[in-house]
Amino acid sequence: MRHISVTAKYAALIVIPLISTFAALLIREATTPYFMFHHDPEYAYLFNGVSILHFLAPSHIDHPGTPLQLLSTFVIKLLHPLSSSREITESVVANPERYLLAISTVLIGANAIVLTVVGVVTYFRTDQIWIAILMQSPPLLFNATTVSLSQITPEPLVLSVSLLFGCLLLLSLSVWGPAQIGDEKTPKYFGLLSGFGIAVKLTFAPVLFAVPFVFHKVRQLKPYGKYILLGFFLSTLPLLLKFPLFVQYRKIIAWAYNLLVGTGIYGHGEQTIFNKAKFFSDLWQIILAQPLYSWVVLFAVATIVYGFLKVNPRNAWSDPIFRLLSGLVSVHILTLLLVGKHPQSDRYLVPAMGLAGLTMLLVFLFLREQVGRHVSQPLGKFLAVCAGTGIVAFGVFQANAVVTNAGLQGRVRYEEFSARDKAVTAQYPECAQIHQDSATQVFGVFFGLKWSRKSETTDEVIQRFFSGRKIYTYDPGRNIYYDMNENVVTVDNIRKTAPCVIKLGPGAELKTL
C-alpha cells in the first residue's frame, strides 16, 4: 500500500506540468500564425537569433532578452546542424513560422521540466505533496502566466526562472530541518540566478529584494551583488560582439534609467518618477484585471500586519518564515508599483506571480504557528486537498477559457487571411504591395529585420528572395511607409514603381490605392 501511495504522490507531481503543457499547446494552436496575433516581439527575437548566428550583437536590447535570443540561435542551428549561415538565413526568411513554433516548443518543454523539478525538490524537502503542488501552481493560477506559456517573449522564460528562484528560497528555510543552502553558497546561487533573470527581462529586478531577507549576515550582500553582475554578464555575452565594447550595456543602462525617471509607455511620457494623477487609476485597473493575484498580495500584507501587531515584533522577525514572507511582500509591492508606473500590460507581473505559490505557503505556515492549535490535523489535510484540487480545476477552467476565445478568433482570421493572400497572388501579381502590421508574414519578416542587425549575407538573401517584387511596409502609428531598405517613402513614390498598388492590412483587409 505504501508503494502505491508513493507512486500516486509522484504521479500527482506531473499533473500541473502536463496541464500547463497541454494548455500552452492548445493556446498556441489557437493564436498562430504568429504574424497574425503577435509579431512583436516574436519576429524580433527570431531575427536577433539570426544576427547572433552571424556573430553580430543583438540590436533589440529593451528587455534585454539576450538569453531568449541565444535560445533562438540554438534552436535555429539545431534544426540545421550542417548547413551554412546563408542556407539557414534563406530557410528562416522563407518559413519563419516553422522556427517560431520550434522555439515555442522548447520554451514550453523547459517550463514543464522546471515545474517537475520544483515539484520533486519541494516534495523531497518537505515530504508534503500539497506543498509541492502549491509551489507548481502559478502557471495555472493567473491569466497573465497561462497566456504567456505559448508566447515567444521573455515571460515564459522569466516565469521558469521565478519558479526556480522560489524553490531556492524554500530550500534556504530551516523549517523542515537544516537549510539545504549554506551561508557561503546562498549569495552565489541566488546572485547567478538573479543576474540571469534580469538578463531575461528587467521586470525581474524586484524579485532580488527577497534574498536579503534570508541572509543571516550583512556581509553576504556584497558577494550577492557581485554574483548578480557576473550572472548578468555571462547571460549577455553576445552584446560584446558589437564595437566599441560595452556600448550595448550603456544602452541598457540608459533604457533602465529612462524607465525609472519617466512615466507612460517605456518611460517616454512625463519625466517624473511618480505621476500621482495617473498612477493610482492605472494601478487600480491592474488590480481589477488580476483579482486573484491581488487577493494573494492583500492577504500576505494582512498577515505581515497581523504579525507585527499581535505578535511580539522581535519574535516575529526572528521567525524565518515571517522574515521571508516580508521579503516576498516587498517583491509584490515593488512589482505592482513598477507596473502601475508603466501600465502597458499585466504580463509585467509574471516574475512576481511565479512566487505566488511560495507566498501562499508562507502565509499558511505562519498563521498555522499562531492559530494552528485550533485546527485539527484531519481538517488541515482536508483543506489542503481541497486547495490543491481547486488550483488544478481553476487552471483547467482558465486555460479552457483562453483557448476557446483565442480559438474562435484564430480559425476565423486564418481562413480570411488565407483567402486574401490567394486573391493577391492570382489577381494582383504586378502590383506594388504595402504590408501592414498583423497582416502578413512579409511584414513580420521586415519587422524582425528592422529590430535586428543584418549581415551582408542577410541583405543578399532578402534582395534575392524578394527579387522582382515591390514590397513596402506601413507603420500606422507614425503613418510612415518604408521600402525594403527601411527608407521612408510616400504613397506617390510607391505609385510610380508599379501600375497598381495594393495595401494588405489587419483583419484580412485588401485595398487598392
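All of the points below concern the structure found in this document. As the structure is a prediction and not an experimental result, all values here were calculated from the model.

## Some remarks on the environment of Ala393
Topologically, Ala393 is positioned in helix α21 (residues 377-427). Between the C-alpha atoms of Ala393 and Leu140, which are 253 residues apart in sequence, the distance is 9.2 Å.

## What about helix α13 (residues 221-235)?
In an α-helix, one turn spans 3.6 residues; hence positions three or four apart end up facing the same way. With 15 residues, α13 extends 21 Å from end C-alpha to end C-alpha; this agrees with the ideal 21 Å at 1.5 Å per step. For α13, every residue scored as buried is listed here: Tyr224, Ile228, Gly231, Phe232 and Ser235. Looking down the long axis of α13, one finds its buried residues gathered within 95° of arc, a one-sided arrangement. Those residues of α13 that are exposed and aimed more than 90 degrees away from the buried face are Lys222, Lys226 and Leu229.

## Side note on a nonpolar patch on the surface
A cluster of nonpolar side chains, Ile14, Leu18, Phe22 and Leu25, forms an exposed patch at the surface whose accessible area comes to about 360 Å². Looking at the secondary structure, you find Ile14 in the loop between α1 (2-12) and α2 (15-30).

## Re the packing of aromatic side chains
One pass over the full model with this rule turns up 18 aromatic pairs. Judged by centre distance (5.2 Å) and plane angle (40°), the rings of Phe446 and Phe466 are tilted. Highlighted residues: Phe446 in helix α22 (residues 441-450) and Phe466 in the loop between α23 (456-465) and β2 (471-475), separated in sequence by 20 residues. Across the pair, exposure class does not vary: Phe446 and Phe466 are buried alike. In textbook terms, an aromatic cluster arises when at least three aromatic residues are bridged by ring pairs, as seen for Phe232, Phe233, Phe246 and Tyr249. Note that Arg98 overlies the ring of Tyr99, its terminal NZ or CZ placed 5.2 Å from the centroid. In this arrangement the basic side chain of Lys503 is found over the ring face of Tyr474, its NZ or CZ atom lying 4.0 Å from the centre.

## Details of the nonpolar core
Phe47 and Leu169 are the most contacted members of the largest nonpolar core, which has 119 residues in total. Of the residues forming this core, the biggest block, 11 residues, is contributed by helix α11 (residues 154-171). Core analysis: the next-biggest nonpolar cluster, separate from the first, contains 10 residues, Ala432, Val491, Ile494 and Val501 among them.

Rules of the game
Residues numbered from 1 in each chain as written. Predicted model: local features only at pLDDT ≥ 70, side-chain atom pairs only at ≥ 80, totals over all residues. Heavy atoms only, no water. Helix = DSSP H or I, 4+ residues; strand = E, 2+ residues; numbered from the N terminus. Expected span 1.5 Å × (residues − 1). Buried < 20%, exposed > 50% of the residue type's maximum accessible area, 1.4 Å probe, protein only. Arc of directions from axis to C-beta. Patch = residues over 30% accessible without salt bridge, like charges linked within 9 Å, V, L, I, M, F, W, Y side chains within 5 Å. Areas by Shrake-Rupley, 256 points an atom, 1.4 Å probe, with all protein chains shown as cover. Salt bridge = Lys/Arg side-chain N within 4 Å of Asp/Glu carboxyl O. Phe/Tyr/Trp six-rings, centres within 6.5 Å; stacked < 30°, edge-to-face > 60°. Lys NZ or Arg CZ within 6 Å of the ring centre and 35° of its normal. Core = buried A, V, L, I, M, F, W, Y, C linked by side-chain atoms within 4.5 Å.

Geometry only, nothing functional implied.
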